[in-house]
Structures are given as structure tokens and as C-alpha cells.
Amino acid sequence: MEQKRVYKVVLTGGPCGGKTTGQARLCTFFENMGWKVFRVPETATVLLSGGIKFTDLNAEEAFKFQENLLRTMIQIENTFFQLGDSCSRNCLIICDRGAMDASAFISKDKWELMMASNGWNNVELRDNRYNQIIHMVSAANGAEEFYSTEDHACRSEGVELARELDYNAAAAWVGHPYFDVIDNSQDFDTKICRMIECVCQKLGIDTGDRLRASSRKLKFLVKGPLPEDAFPPYQDFDVVHNYLQSKTPKLQARLRKRGQKGHWSYIHTIRRPKMCGQVVEVKTQLTHRDYLNMLAQLDDSHFTIFKRRRCFLINNQYFQLDIYREPGHPRCRGLMLLETYTALSGEELKRILPQFLTIEKEVTGNPDYSMFNLSLREEWNSTNKYCHTLHGLSDGAGAESKKSHSHYHHRYHYEETNGSPIKKHDNGLTSISNGDTDRSGDATVNSMENRVQKEVQNGDINGTKHHNNNNKASERKDCVSKNCGSAESSSNNLSEKLNDGIVENGTAHNQYELKNGLKI
């Protein structure tokens, strides 16, 4: 029996970014699929509409107001979260702003004082409380002709102030593991569709052609040293990855520990291939105790991967820079990989990349830079565990340079050979919250990780330089399995828009899938 899902999404952003419209459309979309949807109202609007004006408050009153606002927000959210847990159906909870938004309106010192006096911390409020954060960029940034304050009783910001508030709202969430920025590079209807698709992708729901083409994940090799003074405001995290034993070579399982200042979140990921290269990736949020128990299943053929992950926002684009750390295989020494999601390409892509970083080349889809391969203990030319295939490419990819008995499809797409556009999908992600992180027993986990580090340091490692696999994979033919649908049919027959604003493709098969969702 499929496990019921409760998914908590925060819609945030600057003034006039489309949060209200997006919330309504997202609600309609999921209700049409049979989900129960709760919409958590914006606490600030509720309080400010009662006659409170910041200009009338002194510094102490403003601080107390923000503190009480956050307490009220948490209590209101908890009420909806408990209803979601008790609901018998799949449940989507849409929060109009979230706990970290309050940090955008007070100084860092006051925020830290508020955290300490209430026993809160950023990891719990930002990373563990919500499954996904979506920042809707204000119309004041990129769509100025549409910026207006007329339709909102509590909004009076000019364009420049709106831009500043928009940036601050985004910066408050930098560091959340699933943070998506929806900008104004396309028309408003497309912006809303991109937002809805973003949620569907993380949940693993296949929407067929109802939503516009999605952004793709790009990966770049960065050369050191890093110009520390050139970075915009950022969040650094310590990240530890461990691969686990699996029953079949076509299934990958791993644990991720991610944290700041001694506060941690834990994720268990299972990546398994389906027919025609379609991959479902299931992510489950763990308690500390669950994480400790699962560490016993470590796969000895892989090193533990240690990273410093730097998250930052620049040019309205969200980036993650993974800096590999010791101990590890020599192939990872000095390795730095920059990742982002975008639909841009060519010169437009170059313009949004951080100019202060030395980017050597794009390595998207190159198996030499997959974490699975980077963590292998054996040398690539002497192991049968090397994973040749990424992004649904054919199993023959890279066979000329390396021999392998195992092939994995990490993401998937359908490539059409009849001249039609390529349709790409991201991995499906399911996040299941098991409550607040239990930090008791940190010493036990650390002792186990220290044991892993000691094994790495004492292991027999042949130092070989990281090398590149330049062989290109041949294109896969059209996928025509009934499980995947016809690639040709998915590119034709667009018809009228539904009342939820999503494009219908006219096929009964995809209509049925939309109503019921894709079961994982």
C-alpha cells in the first residue's frame, strides 16, 4: 500500500511576485488530482491588517512584534501540520511565507538573540520544518511594467524598496536543501506553470505536457583558489554522504547528513531505475536515531564523501558550490563542483554564472563527476562498479574507455529522433517528515563516522589523477512503452487551457495520469 504523503511548501518572495495567484492555482491543480490542500494564511497580513504600523513602533516594540509574529506563525502552521498528519488522503500544505521570512526584516544580531531566547535554530526553522521553498521573484525585478501596489491593502512599497525586500526574502532561505527561484524571464502564466511544475517534480508526479518545459540541472567544474571576498552573502554547510548496501546493482541508496553549528538534518535517498530509463528518486527525512541505525548498512566499496556546501544567490539565480574535503580518494582532492537549475543556454547562461569564479568547463551528465563514481574505493579502470550512464543515456555510453557490468539511469528524458524537441523531466522526489530531528546520540554517530574516516586514511588507495570521460553517448530511440507514453504524441495536439491555467494535451491517457498522480 502506498504511504500517504504530507508535503509542506513555502511560497515566498517580494511584493507583487505572484504568490497569491500561484497559491490559488497550485491549490486547484492538486485538488483536481484528489489531494487535500490546506492554505496557511500569511501571519504578517493578519496582524498588520489589524491596524499595526511599523512606523509607529520603537525599536523594542518592533523586536517584540517580530518575535510574537514568529511565535504566532509557528502555532498557526503547527495547527495545519497536525491536520495534515491526521488526514487520510495525500495532503499538500501551502504556507504563505514561512518562519525564516521574519529574519529578512531584522538585523542579524537581533535574529540570533530571538533564536537563543526561544530555543530555536536556523536548521530546524529552515531545513527541517518545510519540504520545499519556492521564491517568486517580485515584478519589481524584471517585470517592472507590471509592478503595482493597488490590489493589496498592506502593500505600499516603491520599486526600489520592493527589489530590496525581494532580495532579502530570498537570502533568508539560502541553504534550504530544496530552494527554487522562479524569476520573471517569461510571461506570468508561464511563471505560474513553472512554479506548479517545480512542486510536481519534487513529488515525482508526471504531468505529461500539461506544464511547460522545465529547467534542467547543470554542473560546472570550478578551479581554485576561491576568491573569498568576492562571494555575495552565503550559507556554508557541512555535508556527509554515505552509500549503503543494496540488493541489486541497479539500485542506489545513500544517507546524507547536513548541518550547521552542531544542528543536523538527515536524508535517506533511494534511486531506482524504471522502464525506458525513467528513474524515481525517493527522499525520506530521517530522525537522528534512524540515521544512526542505517549507518550500519554502509557499503564498504565506497568512501564516505565529506563536503563543504556553499549556497548563495546571485543574478536571481540560486547556486550550490560543493567543495570536496579530506579524507577521500585522491581523485576528489581539490575538486569543486557548481550546480544550478536553469532553462537558459548559450550567452544567456554565461551571463548568470558567477563571474568571480573560475569555471573550467560544464560537466553536466559526465559520469566522471557523479558522486557515486567519485566515492568508489577501487580505481575506475579496475572496477565493475563504475556507473557509465547518466541522464537516461544509452547503456553503451563510455564503453570504449571503461568496462562495466552495472548501468544506472540517474535522471531521465525522452529523446525524439524525428526532429521534435527533447522533453526532459527531473527526478521525482518524495520527502516524508518523521518529526523534529533528534540530536541525542551525536557522539555515537560521530564515533561511527570517525571509524569510517580512520578506515579511509588507513586504506590502500592508488593515487590517480581525476580523468575525464569524453566519449559521448549515442541517442536513445523513442520510448514507446505504455508505461512511458509515446514521445511523439506528447509533443502534439495542444488545446485549450483548463480553469487551473494548465495546458491540456488532449490525450485521455495523460488526463488519467493527472487526476491520479504518478505512484512511487
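Residues numbered from 1 in each chain as written. Predicted model: local features only at pLDDT ≥ 70, side-chain atom pairs only at ≥ 80, totals over all residues. Heavy atoms only, no water.

Asker: What's the story with the environment of asparagine 366 in this structure? I'm lost.
Answerer: Take asparagine 366: it is sitting in the loop between β14 (358–362) and α10 (371–374). Taking relative accessible area as the criterion, asparagine 366 reaches 12% and is therefore assigned buried. Counting along the chain gives 22 residues from asparagine 366 to histidine 388, while the straight-line C-alpha distance between them is 8.7 Å. A polar contact of 3.0 Å, which involves the side chain of asparagine 366, links it to the backbone nitrogen of aspartate 368. (Helix = DSSP H or I, 4+ residues; strand = E, 2+ residues; numbered from the N terminus. Buried < 20%, exposed > 50% of the residue type's maximum accessible area, 1.4 Å probe, protein only. Polar contact = N/O pair within 3.5 Å; in protein donor to acceptor, adjacent residues only side chain to side chain.)

Asker: Explain the side chain of arginine 5 to me, please; I cannot follow it from the model alone.
Answerer: You can see arginine 5 is positioned in the segment before β1 (6–13). A distance of 2.9 Å separates a polar side-chain atom of arginine 5 from the backbone oxygen of leucine 203.

Asker: Could you clarify how one ought to interpret the sheet that holds strand β3 (residues 91–96) in this entry?
Answerer: Two pairing modes exist for strands in a sheet, parallel and antiparallel, and in both the strands are linked by backbone hydrogen bonds. Taking strand neighbours across the sheet as the criterion, the 5 strands line up as β2-β3-β1-β4-β5 in an open arrangement whose pairing is parallel. If you trace the sheet from one side to the other, it starts and ends with β2 (36–40) and β5 (179–182), each paired once. Sheet twist, expressed as the average angle between the axes of neighbouring strands with direction ignored, equals 20°. Here strand β4 (residues 132–136) pairs with β5 via 4 bridges, running parallel. By the bridge assignment, isoleucine 133 is partnered in β5 with phenylalanine 179. (Pairing = 2+ DSSP bridges. Axes fitted to C-alpha atoms, helices over the stretch in contact; angles between N-to-C directions.)

Asker: Help me understand helix α6 (residues 159–171) in this model?
Answerer: Count 3.6 residues to each turn of an α-helix, and residues three or four apart come out pointing the same way. Over its 13 residues, α6 runs 18 Å from end to end, which matches the ideal 18 Å to within 8%, given 1.5 Å per residue. Regarding α6, the residues found buried are Ala162, Leu165, Asp166, Ala169 and Ala170. Projection of α6 onto a plane perpendicular to its axis shows the buried side chains occupying an angular sector of 135°, all on one side. Those residues of α6 that are buried lie in contact with β1, β4, β5 and β11 (305–314). (Expected span 1.5 Å × (residues − 1). Arc of directions from axis to C-beta. Contact = heavy atoms within 4.5 Å.)

Asker: So what exactly am I meant to see when it comes to the pattern of salt bridges here?
Answerer: Where side chains of opposite charge bring their charged atoms close, a pairing between them can arise. Applying the stated criterion across every chain yields a total of 22 salt bridges. Residues arginine 308 and aspartate 238 are paired through a salt bridge, measuring 3.1 Å at the closest nitrogen-oxygen approach. Placement of the pair is arginine 308 in strand β11 and aspartate 238 in strand β7 (residues 234–244), with a sequence separation of 70 residues. Relative accessible area serves as the criterion here: at 25%, arginine 308 is assigned to the partly exposed category. Its relative accessible area of 27% is what places aspartate 238 among the partly exposed residues. Taking the shortest distance from any N to any O, the salt bridge between aspartate 322 and lysine 307 comes out at 3.0 Å. (Salt bridge = Lys/Arg side-chain N within 4 Å of Asp/Glu carboxyl O.)

Asker: Teacher, can you tell me more about the packing of aromatic side chains here?
Answerer: For any pair of aromatic rings, the description rests on two quantities: the centre-to-centre distance and the angle between the ring planes. Summed over all chains, the structure comprises 15 aromatic pairs. When the centroid spacing of 4.9 Å and the interplanar angle of 65° are considered together, the rings of phenylalanine 231 and phenylalanine 356 count as edge-to-face. Of this pair, phenylalanine 231 sits in the loop between β6 (216–223) and β7 while phenylalanine 356 sits in the loop between α9 (346–352) and β14, placing them 125 residues apart in sequence. The exposure classification of phenylalanine 231 matches that of phenylalanine 356, with both residues buried. Ring centres of tyrosine 266 and tyrosine 291 lie 4.6 Å apart, and the angle between their planes is 35°; this geometry places the pair in the tilted category. Here tyrosine 291 lies in helix α8 (residues 288–294) and tyrosine 266 lies in strand β9 (residues 263–273), a separation of 25 residues in the sequence. The buried category is assigned to tyrosine 291, whose relative accessible area is 0%. Positioned above the aromatic ring of phenylalanine 81, the side-chain terminus of lysine 8 is 4.5 Å from the ring centre. A cation sits over an aromatic face here: arginine 310 above phenylalanine 231, 4.7 Å from the ring centre. (Phe/Tyr/Trp six-rings, centres within 6.5 Å; stacked < 30°, edge-to-face > 60°. Lys NZ or Arg CZ within 6 Å of the ring centre and 35° of its normal.)

Asker: What should I look at first to understand empty space enclosed by the protein in this one?
Answerer: Where empty space is left becomes clear once a probe the size of a water molecule has been rolled over the atoms. According to the stated counting rule, one finds 4 cavities of 30 Å³ or more in the structure shown. Counted as a void, the second largest cavity has a volume near 80 Å³. Lining the second largest cavity are 13 residues, and of these Asp127, Pro177, Tyr178, Ile267 and Gln285 lie nearest its centre. Considering every element that reaches the lining of the second largest cavity, the biggest residue donor is β9, with 3 residues. Across the lining of the second largest cavity, the residue classes break down as 5 nonpolar, 6 polar and 2 charged. (1 Å grid on protein atoms, 1.4 Å probe; cavity = no way out; pocket = protein on both sides within 12 Å on 5 of 7 lines; lining within 4 Å. Points joined across faces, edges and corners; volume = space filled by probe spheres on them. Nonpolar A, V, L, I, M, F, W, Y, C, P; charged D, E, K, R; others polar.)

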